[in-house]
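Okay, here's what each chain looks like letter by letter:
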Amino acid sequence: MRTPVAIVGAGPAGLLLSHLLDLAGVESVIVETRSREYVEARIRAGILEQSTVDLLREAGLAGRLDREGDEHRGIYLQWPEERHHLDFVDLVGRTVTVYGQTEVTKDLGKAREAAGQRIHYEVSDTAVHDLETDRPYVTFTGRDGTPERLDADVVVGCDGSFGPCRTAIPDAAKQTWERTYPYSWLGVLADVAPSTDELIYAWHPDGFAMHSMRSATVSRLYLQVPNGTDVGTWSDERIWEALATRLGHGQDGWTLTPGPITDKSVLPMRSFVQQPMRHGRLFLAGDAAHIVPPTGAKGLNLAVADVALLAPALAALVRDKDSALADAYSDTALRRVWRCTHFSWWMTTMLHQSGDPFDRQLQLSQLRWLARSQAGRAGLAENYAGLPIGF
């Protein structure tokens, strides 16, 4: 097989990149280890930045998003006996939208299917070759067991943190930075209407808690738990009890309504950045190049920003033989990556219990500052609602 752009990974980054390339008149082929059903069912992020929503609209992908997405003006920050609303519209003139990554992936899948996109699902033994030449290629074994070779002008790794593309860059040609946090999230999905109109980020002596949502009838909630927590040790009753305590059930008349829990999982927290995001004819996007803890709602949005930069760069490279944007891609993308990595770290360390009483007082000081400082709230709002894609 032959294609201008070979994309490894059919998650939202890979699917959106193929869509944007198609709009620019550039063909691509995608290979994916998992089945389409598995990819579309993965429970991931649920908050879309203003920049992400704008891009999806411009690309003709926001029909269902505009009908079913829930636009939010801001978030609540709270600690015992206090809850404060940060209105992003008043602060920076931007909003965020609650719309699950699963729904974004489904929308992208349908759009690519309608366009006749070639996607090879359920492949194995994927490997990338000759990346330092102008004739790179991808090999894999198809679902039927047939060995395949895909020749391309460029290869793009949208295959996450465990795919073959990140590790294909030689150690001598890259730098990596990593931070593993000493706590995890216990995340649950519940078939119950949200008890809040906008997200609640709660600092509590027992540990962080968050009330989010996926729709008008499905709530998404999180609890800080120790690393290595066995989800089986958390009964539904224990979960709702901890959420009620940490989220302030009964505070100023607010109540948390429990409901049937349909999914439980433990989410480790870490930060990771690898640079450069390009090696020869291999380009990395999304989790293949960087991971952030979910506190700042940046993972999916960073992937979207990457491919928004990468699509015009690759179109110019393979169609017009103009390498300027491709040469600048890594440095341009990494400016935003590091800004969002810092913001995610800041939100995480401000809200989670470390066990250090000195840290606890610093956290409360930051939260009180945000409650009273217009400049502090504006800084959080600017980062949370989303910086410009080319920041």
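Residues numbered from 1 in each chain as written. Predicted model: local features only at pLDDT ≥ 70, side-chain atom pairs only at ≥ 80, totals over all residues. Heavy atoms only, no water.

For the protein chain, an unreviewed UniProt entry supplies the name 4-hydroxybenzoate 3-monooxygenase and the organism Amycolatopsis orientalis.

Enquirer: Just give me the short version of the sheet that holds strand 7 (residues 96–98), but keep the residues and values in it.
Expert: An order of 3-7-4 is seen for the three strands of this open sheet, with the pairing classed as antiparallel. Each edge of the open sheet is held by one strand with a lone partner, namely strand 3 (47–48) and strand 4 (70–72). For strand 4 and strand 7, the ladder comprises three bridges, and the chain directions are antiparallel. Its bridge partner lying in strand 7, Glu-71 is registered against Thr-97. (Pairing = 2+ DSSP bridges. Helix = DSSP H or I, 4+ residues; strand = E, 2+ residues; numbered from the N terminus.)

Enquirer: Can you tell me about helix 1 (residues 12–23), naming the residues and giving the values?
Expert: Here helix 1 contains 12 residues, and its C-alpha end-to-end distance of 16 Å stays within 8% of the 16 Å for a straight helix at 1.5 Å per residue. Taking burial as the measure, the 12 residues of helix 1 include 10 buried ones, the bulk of the element. For helix 1, the complete set of buried residues consists of Pro-12, Ala-13, Gly-14, Leu-15, Leu-16, Leu-17, Ser-18, His-19, Leu-20 and Leu-21. Positioned one or two residues after helix 1, Gly-25 has a phi angle of 80°, which is positive. (Expected span 1.5 Å × (residues − 1). Buried < 20%, exposed > 50% of the residue type's maximum accessible area, 1.4 Å probe, protein only.)

Enquirer: So, the side chain of Arg-336: which residues are in play, and what are the values?
Expert: With respect to the helices and strands, the residue Arg-336 is situated in helix 10 (residues 324–351). Judged by its relative accessible area of 2%, Arg-336 falls in the buried class. Those residues in contact with Arg-336 that lie beyond four places of it in its chain are Glu-49, Ser-51, Asn-301, Leu-302, Ala-305, Gly-386, Leu-387, Pro-388, Ile-389 and Phe-391. (Contact = heavy atoms within 4.5 Å.)

Enquirer: Which residues make up the pairing of strand 5 (residues 74–79), and what are the values?
Expert: Most of strand 5 sits inside the fold, with six of its six residues counted as buried. Relative to strand 6 (residues 82–87), strand 5 runs antiparallel, the two sharing six bridges. Following the sheet pairing, Gly-74 is matched in strand 6 by Asp-87. The loop that links strand 5 with its antiparallel partner strand 6 comprises two residues; one of these, Glu-81, has a positive phi angle of about 75°.

Enquirer: Which residues make up the sheet that holds strand 12 (residues 175–190), and what values do they have?
Expert: Strand order across the open sheet formed by eight strands is 6-5-13-14-15-12-16-19, with mixed pairing between neighbours. This sheet does not close on itself; its edge strands, each paired only once, are strand 6 and strand 19 (290–291). Two strands pair when backbone bridges link them, and strand 5 and strand 13 (residues 200–202) are joined in this way by three bridges, in the parallel orientation. Bridging from a neighbouring strand, Gln-78 pairs with Ala-202 of strand 13. Along the sheet, helix 8 (residues 236–247) makes contact with strand 5, strand 6, strand 12, strand 13, strand 14 (209–213), strand 15 (219–225) and strand 16 (261–275), crossing strand 15 at roughly 85°. In this fold helix 11 (residues 357–372) packs onto strand 5 and strand 6, with an angle of close to 135° to the strand it touches most, strand 5. (Axes fitted to C-alpha atoms, helices over the stretch in contact; angles between N-to-C directions.)

Enquirer: Please give an account of the pattern of salt bridges that cites residues and values.
Expert: Where charged atoms from two side chains of opposite charge approach closely, those side chains can pair. Applying the stated criterion to the full structure yields 21 salt bridges. Across the pair Arg-73 and Asp-90 runs a salt bridge whose closest N-O atoms are separated by 3.2 Å. Here Arg-73 is found in the loop between strand 4 and strand 5, whereas its partner Asp-90 is found in helix 5 (residues 88–92), with 17 residues between them in sequence. Given a relative accessible area of 37%, Arg-73 falls into the partly exposed group. A relative accessible area of 59% places Asp-90 in the exposed class. Look at the salt bridges and you will find they share partners, linking Arg-64, Glu-68, Glu-103, Lys-106 and Asp-107 into a network. (Salt bridge = Lys/Arg side-chain N within 4 Å of Asp/Glu carboxyl O.)

Enquirer: Give a description of the environment of Leu-223 that names residues and reports values.
Expert: By secondary structure assignment, the location of Leu-223 is in strand 15. Leave out the neighbours within four places in its chain, and Leu-223 touches Ser-184, Trp-185, Leu-186, Phe-208, Ala-209, Trp-234, Ile-239, Ala-242, Leu-243 and Arg-246.

Enquirer: Which residues make up the pairing of strand 15, and what values do they have?
Expert: The buried fraction of strand 15 amounts to seven of the seven residues, a majority that puts the element mostly inside the structure. Side-chain alternation along strand 15 places Ser-219, Leu-221, Leu-223 and Val-225 on one buried face and Arg-220, Tyr-222 and Gln-224 on a second face that is also buried. As defined by bridge partners, strand 12 adjoins strand 15 across seven bridges and the pair is classed as antiparallel. Looking across to strand 15, one finds that Leu-186 is bridged to Leu-223. With five bridges joining them, strand 14 and strand 15 adopt antiparallel strand pairing. Paired with His-211 across the strands is Leu-221, a residue of strand 15. The antiparallel pairing of strand 14 with strand 15 creates a hairpin that spans five residues between the two strands.

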